[in-house]
Amino acid sequence: MKQKLKGLMAALAMAASAGVHADEVPDLVTIVTSPEPQTQLMAMVLTMNAAQKGAKAHILLCGPGGDMALQDAPESVLAPQAPKSMSSQGLMKIILEKGLATAEVCAIYLPNANLSPDALLDGIGVADPAVMAARIIAEDARVMSF
């Protein structure tokens, strides 16, 4: 019985040590490519919540997800979603204004949309593929893709 208890205690100690400690700040890369407003908004909800819990968050917007970064954005990224009447672009702006994350569009988004960087919202840039690749493969990185 004592041996089983010791084994259980060791397993619990290992499980507890595998979690994120207060002194560790994981990097979170949220990649949004979906055209679906609810999916885009949920990506922002999860990113915001993770950042509020200490994650160092970065948002990468590609394809239809890149539309969230536009000053002249389509209705799909501006339309309020239930239950809090928030849009994906609206929540992303709040996240950026609060300094909870940074955001960039994929390097190929603007050229393929026939747009220039001045079409983007203030504070959103164009991702450097080498820098983004390093973020994604970093040992402490978590990647969410929507």
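Because the structure is predicted, anything quoted here is derived from the model rather than measured.

Calculation rules
Residues numbered from 1 in each chain as written. Predicted model: local features only at pLDDT ≥ 70, side-chain atom pairs only at ≥ 80, totals over all residues. Heavy atoms only, no water. Core = buried A, V, L, I, M, F, W, Y, C linked by side-chain atoms within 4.5 Å. Buried < 20%, exposed > 50% of the residue type's maximum accessible area, 1.4 Å probe, protein only. Helix = DSSP H or I, 4+ residues; strand = E, 2+ residues; numbered from the N terminus. Contact = heavy atoms within 4.5 Å. Disulfide = S-S within 2.5 Å. Pairing = 2+ DSSP bridges.

> When you look at the nonpolar core in this model, what are you seeing that I'm missing?
If you look at the biggest cluster of nonpolar residues, it comprises 36 residues, and the most contacted ones within it are M44, I59, L61, M92, I95, V105 and I124. Those elements that provide at least two residues to this core are β1 (27-32), α2 (37-52), β2 (56-61), α4 (88-97), β3 (101-105) and α5 (109-112). At five residues, α2 tops the list of elements feeding residues into this core. When neighbours within four sequence positions are excluded, L61 is seen to be in contact with V32, G66, M68, A69, M92, E104, V105 and C106.

> What's the story with the state of the cysteines in this structure? I'm lost.
Where two cysteines share a covalent bond between their sulfur atoms, that bond is called a disulfide. One pass over the structure, following the stated rule, counts one disulfide. In this model, C62 is linked to C106 through a disulfide, with the two sulfur atoms separated by 1.5 Å. Of this pair, C62 sits in the loop between β2 and α3 (75-78) while C106 sits in the loop between β3 and α5, and the two are 44 residues apart along the sequence. Each of the two residues, C62 as well as C106, counts as buried.

> Got a minute to help me understand the pairing of β3 in this structure?
Working note: regular strand, side chains alternate between the two faces of the sheet. Across the five residues of β3, four count as buried, placing the element largely inside the fold. Bridge count between β2 and β3: five bridges; the pairing is parallel. Paired with A57 across the strands is A101, a residue of β3. Pairing of β3 with strand β4 (residues 124-126), which is carried by three bridges, proceeds in the parallel orientation. Across the sheet, the residue bridging to E104 is G125, located in β4.

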